[in-house]
Amino acid sequence: KKMDIEKKLQKRYSRILSQESRVLEQRDAVSQLREQQSDQTNSDRTSNKLTGWRKLYAIQKNIDKANRTSDQKFNARIYSKVDEDIWSATETRAWYQKYAV
């Protein structure tokens, strides 16, 4: 009778161990899938952000193309807001125009 109990206990213990190993395998599979999903989500977000920037830049570029020809054909210079301070002094402006070309 004692042997029967030990055999039953051994079977149950082996079943518990096999179920525990199955649980651990499933946890590993879930964590791998979670990582894959995270990578895919991050990739999609990055791709969407870059596509948005490209589309915005293309819209701005197309407006410029439609309204005027290239700046390279003209002897004109595009000035920034920093240059506006330089233009306040007439002697600086004359010097700038002289050496700009």
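Q: For this particular structure, what's the right way to read the overall build of the protein?
A: Of regular secondary structure, the protein possesses three helices and zero strands. When the helices and strands of the protein are placed in sequence order, the string is α-α-α. Across the 101 residues that make up the protein, the buried fraction comes to 3%.

Q: Got a minute to help me understand the confidence of the model for the protein in this structure?
A: Low pLDDT means the predicted atomic positions in that stretch should not be read closely. Of all residues in the protein, 64% attain a pLDDT of 70 or more, and the chain-wide mean is 78. Looking over the protein, one finds the lowest element-wise mean pLDDT in helix 2 (residues 81-87), namely 59, and the highest in helix 1 (residues 2-67), namely 87.

Q: Sorry, what's going on with a positive patch on the surface here?
A: Judged by side-chain charge, K1, K7, K8, K11, R12 and R15 come together as a positively charged surface patch. Relative to the helices and strands, K1 is located in the segment before helix 1.

Here is what the cut-offs are and how they apply
- Residues numbered from 1 in each chain as written.
- Predicted model: local features only at pLDDT ≥ 70, side-chain atom pairs only at ≥ 80, totals over all residues.
- Heavy atoms only, no water.
- Helix = DSSP H or I, 4+ residues; strand = E, 2+ residues; numbered from the N terminus.
- Buried < 20%, exposed > 50% of the residue type's maximum accessible area, 1.4 Å probe, protein only.
- pLDDT = per-residue confidence, 0-100.
- Patch = residues over 30% accessible without salt bridge, like charges linked within 9 Å, V, L, I, M, F, W, Y side chains within 5 Å.
- Areas by Shrake-Rupley, 256 points an atom, 1.4 Å probe, with all protein chains shown as cover.
- Salt bridge = Lys/Arg side-chain N within 4 Å of Asp/Glu carboxyl O.
- Lys, Arg positive; Asp, Glu negative; His and termini not counted.
- Charge placed at Lys NZ, Arg CZ, Asp CG, Glu CD.

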